Protein chains: 4
Amino acid sequence: MTAERTTVAVFGAAGYTGALTARLLHRHPHFRLEAVTARADAGRRLDDLYPHHRVPLVLEELELERHASVDAAVVAYPHGAAAELVAELRARDVRVVDLSADFRLRDLDVYAEWYRPHPAPELIDAAVYGLPELHREQIVDAGLVANPGCYPTATLLALAPLARRGVIADVVVDAKSGVSGAGRAATDATHFVSVDENVNAYGVPRHRHTPEIEQELAALGSPVTITFTPHLLPLDQGELVSCYVTLGDPGSNGGRDPGSAVADIKRVYLEAYADEPFVELTDAPPGVRDVRDTNICRLSVHTDARTGRVIVFAVIDNLWKGAASQAVQSLNLMFGRPEGEGIT
Amino acid sequence: MTAERTTVAVFGAAGYTGALTARLLHRHPHFRLEAVTARADAGRRLDDLYPHHRVPLVLEELELERHASVDAAVVAYPHGAAAELVAELRARDVRVVDLSADFRLRDLDVYAEWYRPHPAPELIDAAVYGLPELHREQIVDAGLVANPGCYPTATLLALAPLARRGVIADVVVDAKSGVSGAGRAATDATHFVSVDENVNAYGVPRHRHTPEIEQELAALGSPVTITFTPHLLPLDQGELVSCYVTLGDPGSNGGRDPGSAVADIKRVYLEAYADEPFVELTDAPPGVRDVRDTNICRLSVHTDARTGRVIVFAVIDNLWKGAASQAVQSLNLMFGRPEGEGIT
Amino acid sequence: MTAERTTVAVFGAAGYTGALTARLLHRHPHFRLEAVTARADAGRRLDDLYPHHRVPLVLEELELERHASVDAAVVAYPHGAAAELVAELRARDVRVVDLSADFRLRDLDVYAEWYRPHPAPELIDAAVYGLPELHREQIVDAGLVANPGCYPTATLLALAPLARRGVIADVVVDAKSGVSGAGRAATDATHFVSVDENVNAYGVPRHRHTPEIEQELAALGSPVTITFTPHLLPLDQGELVSCYVTLGDPGSNGGRDPGSAVADIKRVYLEAYADEPFVELTDAPPGVRDVRDTNICRLSVHTDARTGRVIVFAVIDNLWKGAASQAVQSLNLMFGRPEGEGIT
Amino acid sequence: MTAERTTVAVFGAAGYTGALTARLLHRHPHFRLEAVTARADAGRRLDDLYPHHRVPLVLEELELERHASVDAAVVAYPHGAAAELVAELRARDVRVVDLSADFRLRDLDVYAEWYRPHPAPELIDAAVYGLPELHREQIVDAGLVANPGCYPTATLLALAPLARRGVIADVVVDAKSGVSGAGRAATDATHFVSVDENVNAYGVPRHRHTPEIEQELAALGSPVTITFTPHLLPLDQGELVSCYVTLGDPGSNGGRDPGSAVADIKRVYLEAYADEPFVELTDAPPGVRDVRDTNICRLSVHTDARTGRVIVFAVIDNLWKGAASQAVQSLNLMFGRPEGEGIT
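What counts and how
- Residues numbered from 1 in each chain as written.
- Chains lettered and ligands numbered in written order.
- Predicted model: local features only at pLDDT ≥ 70, side-chain atom pairs only at ≥ 80, totals over all residues.
- Helix = DSSP H or I, 4+ residues; strand = E, 2+ residues; numbered from the N terminus.
- Rg over C-alpha atoms; globule rule 2.2 N^0.38 Å.
- Contact = placed C-beta atoms within 7 Å.
- Buried ≥ 20, exposed ≤ 12 C-beta atoms within 10 Å, placed from the backbone.
- Pairing = 2+ DSSP bridges.
- Right-handed = clockwise from strand over helix to strand, strands pointing away.
- Nonpolar A, V, L, I, M, F, W, Y, C, P; charged D, E, K, R; others polar.
- Domains from an automatic or database assignment.
- Least-squares fit on C-alpha atoms with pLDDT ≥ 70 in both.
- Axes fitted to C-alpha atoms, helices over the stretch in contact; angles between N-to-C directions.
- Parallel < 35°, antiparallel > 145°, perpendicular 65-115°, else oblique.
- Left-handed = near helix turned anticlockwise from the far one by under 90°.
- Expected span 1.5 Å × (residues − 1).
- Bend = angle between axes of the 7 residues up to and from the residue.
- Arc of directions from axis to C-beta.

A short note on the overall build of chain A
So, point 1. Secondary structure assignment for chain A yields 11 helices and 13 strands.
So, point 2. The C-alpha radius of gyration computed for chain A amounts to 20 Å, which stays within 12% of the reference 20 Å derived for 344 residues, consistent with globular compactness.
So, point 3. Taking the principal axes of the C-alpha coordinates as reference, chain A spans close to 60 × 50 × 40 Å.
So, point 4. Of all intrachain contacts in chain A linking residues separated by at least 6 positions in sequence, the fraction that spans at least 24 positions is 69%.

Next up, the structure:
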């Protein structure tokens with residue numbers, strides 16, 4: 001008696017995150033990858049477009065009736081374009097992990113402010129924010145999981161232990177990402193000659209991942225307006241967030257004394273992540289190479305006695321834990337599989 | 001009737017910054033490079049060690065009597081080792097630009113805390129901090145110029161206009177540097193395989209450039225304890241500092257209102273740098289490529305209406321404006337030459 | 001009833017190839033990694049030295065009696081130093097895969113010419129050249145497998161189908177390798193600043209991998225003196241060999257007509273590799289990214305009608321198929337496991 | 001009494017080579033850069049598009065009557081598109097350096113075979129191949145100079161001393177180039193993620209620079225059909241050609257004996273380039289970093305006693321000596337200036 005395999009499709013598999021999700025599901029012992037779709041690249045083989053993924057499937061044009069007969073779907077469409085397809089899939093009872101931003105924000109006004117009027121507001125309430133380390137229970141039963149952005153993933157794992165205690169008065173997040181985070185589109189900004197031997201900030205002072213981070217910090221107990229600035233680095237995969245935390249009551253101007261609640265900051269983190277298989281704590285600041293091609297987030301926590309600040313560094317692979325493998329982690333939870341199956 | 005050329009020697013020319021200084025002086029229309037010295041590499045040609053600099057001189061072992069007969073000297077020795085040679089040169093009336101940290105800090109206790117007991121305290125008072133944009137007048141007459149560190153150069157140019165107005169309550173400086181900043185020594189940390197496709201913080205939470213920045217910010221009018229964290233990037237030359245400023249009275253916890261003193265932050269910067277030939281202001285965050293192989297610091301200033309923070313980005317070439325070309329800029333001032341001669 | 005696991009040790013696991021071999025064996029479903037040894041790094045944890053490999057073992061000093069109680073060993077010592085340990089292990093009936101060059105050359109004079117007098121000549125005859133695609137049968141029963149060099153692996157897979165037909169009159173091999181091929185030692189040549197934005201040939205005109213390639217080409221039927229030139233590229237893992245073949249009788253000056261024997265060159269390659277799980281043929285010249293972190297060699301074959309030359313490109317990951325995963329491939333064969341177990 | 005400055009315009013200054021030419025001419029002590037033109041980018045400032053060039057001019061749409069009033073022009077149009085503009089400029093007696101391939105080939109049939117029917121065949125005879133080291137005399141008086149391709153520049157300088165003696169029987173040229181050689185267009189092939197940590201051959205087996213190299217080798221005395229294969233490397237500027245020469249009568253199958261004519265190969269090269277200011281000979285294989293941002297070609301010559309082959313390595317900066325600075329070198333010759341003015 002063997003368990004039946006769960007059928008799954010990846011919609012929008014020609015981009016970096018969709019293609020990697022397809023690879024992980026194609027090799028997954030439980031899921032059976034039924035179809036991969038694309039628009040401009042329909043008709044091309046996925047292993048022609050991404051030889052290193054070695055997925056011997058042809059990208060197909062979307063045919064909803066046929067493609068929606070799966071048990072589960074990963075949607076890797078651009079923001080705004082995903083909602084409509086997600087709605088169609090949900091109407092057919094397909095359980096969905098959506099890689100876009102469309103269902104991450106719970107407040108329609110906030111979504112409208114940072115994106116545009118929401119295209120499928122009726123689904124927001126049912127959507128679960130797909131960061132298993134924060135919302136494991138809800139993901140298990142979810143019909144729609146909104147996979148977090150790569151920056152929020154690293155930032156929230158870096159800050160959650162403090163946020164839960166309500167002691168973040170203020171935080172500056174200086175984020176650094178490899179170029180794959182900018183997606184597959186060939187532009188002036190992704191041209192090798194633009195990026196090589198270069199580094200610069202972008203999305204200043206309003207990057208769209210900001211409200212997503214603030215929403216989750218507030219939900220954890222630390223409502224705070226953050227400063228978040230991403231930078232583009234000359235490397236492929238990998239993301240580092242450097243978080244500069246002023247401890248104190250949220251909304252206050254903070255204080256220089258960490259206070260008794262976090263007397264031993266390292267212990268707070270050790271306890272918070274003792275049972276998390278995909279979070280590692282280190283003494284020295286981690287490097288993005290340490291987690292390349294893994295679902296792991298690696299953290300280090302430091303206290304600056306001179307300023308009283310707590311500094312937290314977190315690294316992830318933006319395409320894995322920041323997108324594709326985290327989606328599979330949620331799928332594992334949704335379908336009763338071991339959480340690390342196919343991504344360890 | 002031609003002006004006589006000023007003779008100069010570079011002591012410690014086998015390292016990255018010493019070698020580049022030698023190149024700039026070798027091609028300089030006014031200075032005449034008389035000698036380059038080294039220890040381990042004595043006897044080798046400089047253009048064998050650094051082909052791209054094309055300086056056809058042999059590195060010599062230090063012979064003080066002979067080498068100290070120059071008008072000017074650049075000392076590119078390690079911290080701690082420089083002071084003794086500088087003292088010898090000053091005793092012979094050679095005017096010196098010292099690239100080490102030995103004469104940057106005015107407070108002997110601070111020096112002792114971050115380095116060790118000072119080896120030549122009697123020279124501290126006469127030393128001038130060699131950031132021309134802040135101390136141009138004193139450099140002109142100086143016998144000993146302490147060339148700033150690369151991080152302080154970028155950070156101080158980024159913050160000076162605000163510091164002068166006394167409105168920096170707090171600042172987080174997240175700095176990113178290419179590998180040449182780590183020097184020529186072959187170590188695990190500078191091995192290509194360690195750096196490539198990687199990024200990590202280092203020197204956490206106490207990097208030695210911190211007190212140098214604080215000293216100069218205080219001198220400008222904003223005594224403040226800063227948070228300063230450098231990161232190592234997979235690129236050769238180039239440095240970016242991202243400065244997150246909370247405005248307010250120094251020593252206070254800051255406030256969310258910039259206040260009337262800096263009602264128009266951009267104008268403050270435009271006025272501050274209107275006559276500076278080596279500072280450029282841009283609207284978009286600058287990239288380090290924009291200033292590679294130049295003496296230029298490029299800045300952008302942004303206000304985050306959500307948090308009230310001012311964000312300043314500054315890029316320099318760590319080997320040029322962060323070391324060698326800034327030394328030549330000071331030499332030009334010291335010997336009555338046009339400030340940009342040989343470095344434009 | 002389950003198969004008992006085979007115990008294995010990796011000697012010299014602090015270098016790049018030894019460490020990767022340890023990782024592959026640590027995760028291998030059949031082999032059980034008993035020990036990892038090192039000299040300078042003894043006492044350090046392997047997952048401290050190489051976080052991304054995640055092997056939670058401590059590097060031990062070699063204690064032969066204790067460490068030689070395993071069924072199998074991988075020796076990752078430098079050339080010359082390996083032979084003695086291999087002899088000790090063989091004397092204890094441990095089956096060995098040796099990553100060094102010590103047992104690759106069958107002719108003691110040739111070994112002496114390119115290296116030095118051979119330290120353990122009595123073992124040469126029993127050693128098998130560990131390129132499974134050429135010597136699969138012998139590897140199965142071997143007590144000592146000499147794992148090929150990374151350049152010979154790619155070159156021989158590129159040329160074997162032609163060499164077997166005896167039609168290689170002459171060949172120029174222009175090879176390009178990432179920096180990990182130069183090993184872990186921190187030197188001027190592996191400093192990031194030396195390699196970044198650079199490319200140069202090295203080992204001109206006599207690189208030590210040359211006789212190894214010639215020996216195997218001759219064994220296949222094409223005795224030929226080759227021109228082999230490696231180049232160092234600014235990347236981490238990956239190796240490309242570009243082979244320019246003049247067809248004709250070996251030893252002749254070649255001819256411009258491929259001749260009937262290879263009328264359809266592509267078909268020759270398709271047939272030669274039809275059943276090889278780790279060789280892929282492509283139409284376009286392959287890139288090293290296509291095979292990163294895999295045991296795969298990817299090839300393309302082209303005929304230049306203007307010159308009559310056959311051009312073959314082959315890419316491998318120098319640390320995987322060029323060293324560690326190929327060693328595991330041989331171990332799988334030696335112990336009756338599926339050839340791709342633990343490396344697919 | 002000072003020499004009047006020569007006016008010059010750069011047509012097509014939005015691409016990499018046009019923009020760099022504009023920079024060199026903008027800072028040139030003799031030439032006066034009157035205008036820079038572009039199509040898609042007309043209206044943008046050149047120092048906005050290329051901050052590091054610091055050319056404070058606005059790109060203009062082409063207005064022939066106005067723009068053709070200069071003394072000299074550099075045309076940096078795509079192949080095929082350049083000929084028409086060149087014809088217009090020549091009709092107005094403007095002296096032209098054309099960076100395209102349109103006037104490099106002297107044989108119209110060859111041009112048609114590798115490109116298309118020639119758009120301005122009447123100008124071919126008057127065009128001079130702009131490699132000063134080979135055609136200095138003719139460039140001085142030329143009205144139209146066809147600037148060589150980057151690969152031919154390096155290859156011809158590598159082979160000219162042998163070609164002049166008529167001793168090249170056969171040659172394989174394995175060329176490696178940085179990404180700037182692929183131009184400014186943002187494509188899948190120039191996306192950072194495609195190039196980073198990668199290397200592959202392209203243009204196999206027929207790259208368009210082949211006939212240009214063969215034409216000039218024949219003109220020098222060695223008519224030979226070459227094998228030429230370029231590779232794309234993960235770096236910005238820089239080009240290395242590795243030339244594998246079989247000595248002997250051209251057209252023969254070569255021989256293993258260099259013969260008396262080239263008994264001392266290194267001396268042949270030393271003599272050939274003794275008076276060339278922009279060619280350097282080294283003992284060790286040169287790296288592309290050695291010549292970055294210069295007009296210099298650096299060479300090393302090696303004899304492989306085992307095969308009798310001569311191996312020549314040559315490095316240039318593809319944007320400088322391979323395009324822009326070589327164009328200025330020709331302009332200097334055409335207008336009676338010191339050959340290295342503005343490019344040293």
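Brief notes about the pairing of strand E3 (residues 72–75) of chain B
Residues and elements named next belong to chain B.
So, point 1. Residues of E3 alternate between two faces, with Ala72 and Val74 on one and Ala73 and Val75 on the opposite face, all of them buried.
So, point 2. As defined by bridge partners, E3 adjoins strand E4 (residues 95–98) across four bridges and the pair is classed as parallel. Opposite valine 74, over in E4, you have valine 97 as the bridge partner.
So, point 3. Chirality of the crossover, the property in question, places the unit of E3, helix H4 (residues 82–91) and E4 among those that are right-handed.

Brief notes about the interface of chain D and chain A
So, point 1. The interface of chain D with chain A comprises 13 residues on the first partner and 13 residues on the second.
So, point 2. Considered class by class, the residues forming the side of chain D that touches chain A number five nonpolar, four polar and four charged.

Describing the domain arrangement of chain A
All names here are of chain A.
So, point 1. By the assigned domains, chain A splits into domain 1 (6–147 + 323–334) and domain 2 (151–316).
So, point 2. Between the C-alpha centres of domain 1 and domain 2 there is a distance of 25 Å.
So, point 3. If you look at the interface, domain 1 gives 15 residues, while domain 2 gives 15 residues.
So, point 4. At the level of secondary structure, the elements contributing two or more residues to the side of domain 1 that touches domain 2 comprise helix H5 (108–114), helix H6 (132–141) and helix H11 (324–334).
So, point 5. Counting residues per element, the side of domain 1 that touches domain 2 draws most heavily on H11, at three residues.
So, point 6. Within the side of domain 1 that touches domain 2, the residues separate by chemical class into eight nonpolar, four polar and three charged.

Concerning the relation of the copies chain D and chain A
So, point 1. Between chain D and chain A, the superposition needs a rotation of 180° and an axial shift of 0.0 Å, giving an RMSD of 0.0 Å. Here the transformation between the copies is reduced to the relation of a two-fold axis. Every residue of chain D has its C-alpha some distance from the rotation axis, and the shortest such distance is that of Phe192(D), at 2.0 Å.
So, point 2. Here 100% of the interface residues in chain D have copies in chain A that are interface residues too; the copies meet face to matching face.

So, the packing of helix H7 (residues 150–164) of chain B against helix H9 (residues 210–220) of chain B
Residue and element names in this part refer to chain B.
So, point 1. Taken N-terminus to C-terminus, the directions of H7 and H9 make an angle of 25°; their axes are 9 Å apart at the nearest point. On the basis of their axis angle, the class for H7 and H9 is roughly parallel. Two packed elements cross with a definite hand, and for H7 against H9 that hand is right-handed. Touching Pro152, Thr155, Leu156, Leu159, Ala160, Ala163 and Arg164 of H7 are Glu212, Ile213, Glu216, Leu217 and Leu220, all from H9.
So, point 2. Considered class by class, the residues forming the contact of H7 with H9 number eight nonpolar, one polar and three charged.

Looking at the relation of the copies chain B and chain A
So, point 1. In screw terms, the move from chain B to chain A is a rotation of 180° and a rise of 0.0 Å along the axis, fitting with an RMSD of 0.0 Å.
So, point 2. Both copies contact each other with a shared surface, as 100% of the interface residues of chain B are interface residues in chain A too.

Re the interface of chain B and chain A
So, point 1. Taken residue by residue, the interface counts 36 residues in chain B and 36 residues in chain A.
So, point 2. Those elements giving two or more residues to the side of chain B that touches chain A turn out to be strand E7 (168–177), strand E8 (200–201), strand E9 (227–232), strand E10 (239–247) and strand E13 (310–316) of chain B.
So, point 3. For the side of chain B that touches chain A, the class distribution of residues is 16 nonpolar, 12 polar and eight charged.

Describing the sheet that holds strand E7 (residues 168–177) of chain C
Residues and elements named next belong to chain C.
So, point 1. An order of E8-E9-E7-E10-E13-E12-E11 is seen for the seven strands of this open sheet, with the pairing classed as mixed. In this open sheet, the two edge strands, each paired with only one partner strand, are strand E8 (200–201) and strand E11 (279–281).
So, point 2. Relative to strand E9 (residues 227–232), E7 runs parallel, the two being bridged by six bridges. By the bridge assignment, lysine 176 is partnered in E9 with histidine 231.
So, point 3. Against the sheet, helix H7 (residues 150–164) engages E7, E9, strand E10 (239–247), E11, strand E12 (297–303) and strand E13 (310–316), with an angle of about 30° to E10.
So, point 4. Packed on one face of the sheet, helix H10 (residues 265–273) meets E11, E12 and E13 and runs near 160° to E12.

A look at H7(B)
Residues and elements named next belong to chain B.
So, point 1. When the terminal C-alpha atoms of H7 are compared, their 21 Å separation across 15 residues agrees well with the 21 Å that a helix rising 1.5 Å per residue should span.
So, point 2. At alanine 158, H7 shows its largest bend, some 40°, and a proline, proline 161, comes one to four positions later.
So, point 3. Of all 15 residues in H7, 14 are buried; the element is thus mostly enclosed.
So, point 4. Just downstream of H7, glycine 166 is the residue with a positive phi angle, here 70°.

Let's talk about the sheet that holds strand E10 (residues 239–247) of chain A
Residues and elements named next belong to chain A.
So, point 1. One open sheet holds the seven strands; their spatial order is E8-E9-E7-E10-E13-E12-E11, and the pairing between them is mixed. At either end of the open sheet lies a strand with only one pairing partner, and these are strand E8 (200–201) and strand E11 (279–281).
So, point 2. Examined bridge by bridge, E10 and strand E13 (residues 310–316) share seven bridges and lie antiparallel to one another. By the bridge assignment for E13, serine 242 is matched with phenylalanine 313.

What to know about the packing of helix H1 (residues 16–26) of chain B against helix H11 (residues 324–334) of chain B
Residues and elements named next belong to chain B.
So, point 1. Between H1 and H11, the shortest axis-to-axis distance is 8 Å and the interhelical angle comes to 45°. Comparing their axes, H11 and H1 come out oblique. You can see that H1 and H11 cross each other, and the crossing is right-handed. Of the residues in H11, those in contact with Thr17, Leu20, Thr21, Leu24 and Leu25 of H1 are Ala324, Ser325, Ala327 and Val328.
So, point 2. Tallied by class, the residues present in the contact of H1 with H11 amount to six nonpolar, three polar and no charged.

Considering helix H6 (residues 132–141) of chain B
Residue and element names in this part refer to chain B.
So, point 1. Along H6, the positions that sit buried rather than exposed are Pro132, Leu134 and Ile139. For H6, the arc enclosing every buried residue in end-on projection is 120°, short of the 170-degree limit, so these residues lie on one face. Of the exposed residues in H6, those oriented more than 90 degrees away from the buried face are Glu137 and Asp141.
So, point 2. As for H6, its buried residues are in contact with strand E5 (128–129), strand E6 (144–146), H7, H9 and H11.

Quick look at the environment of Tyr111(D)
All names here are of chain D.
So, point 1. With respect to the helices, strands and loops of the structure, tyrosine 111 is situated in helix H5 (residues 108–114).
So, point 2. On the neighbour-count criterion, tyrosine 111 (23 C-beta atoms within 10 Å) is buried.
So, point 3. Measuring from C-alpha to C-alpha, the distance between tyrosine 111 and leucine 235 comes to 31 Å, with 124 residues separating the pair along the chain.
So, point 4. Apart from residues no more than four positions distant in its own chain, tyrosine 111 is found in contact with Leu105 and His118.

Here's the deal with the pairing of E10(C)
Residues and elements named next belong to chain C.
So, point 1. Counting buried residues in E10 gives nine out of nine residues, a clear majority hidden from the surface.
So, point 2. Side chains Glu239, Val241, Cys243, Val245 and Leu247 of E10 all project onto a buried face; the interleaved residues Leu240, Ser242, Tyr244 and Thr246 project onto the opposite face, where all are buried too.
So, point 3. Of the pairings in the sheet, the one linking E7 to E10 comprises nine bridges and is antiparallel in character. Note on E10: the bridge partner recorded for serine 177 is glutamate 239.

So, the environment of Pro56(A)
Residue and element names in this part refer to chain A.
So, point 1. Assignment of secondary structure puts proline 56 in the loop between helix H2 (46–49) and helix H3 (64–67).
So, point 2. Residue class for proline 56 comes out exposed when judged on the 10 C-beta atoms lying within 10 Å of it.
So, point 3. As for proline 56 and arginine 45, which are separated by 11 residues in sequence, their C-alpha atoms are 6.7 Å apart.
So, point 4. Leaving out residues up to four positions away in the same chain, proline 56 has contacts with Arg45 and Asp47.

Thoughts on unusual backbone geometry
In most cases, non-glycine residues show a negative phi, while peptide bonds are predominantly trans.
So, point 1. With an omega of -5°, the peptide bond between Val204(B) and Pro205(B) qualifies as cis.
So, point 2. In this structure, Pro205(B) sits in the loop between E8 and H9.
So, point 3. The backbone of Arg54(A) sits at a positive phi, close to 55°, despite the residue not being glycine.

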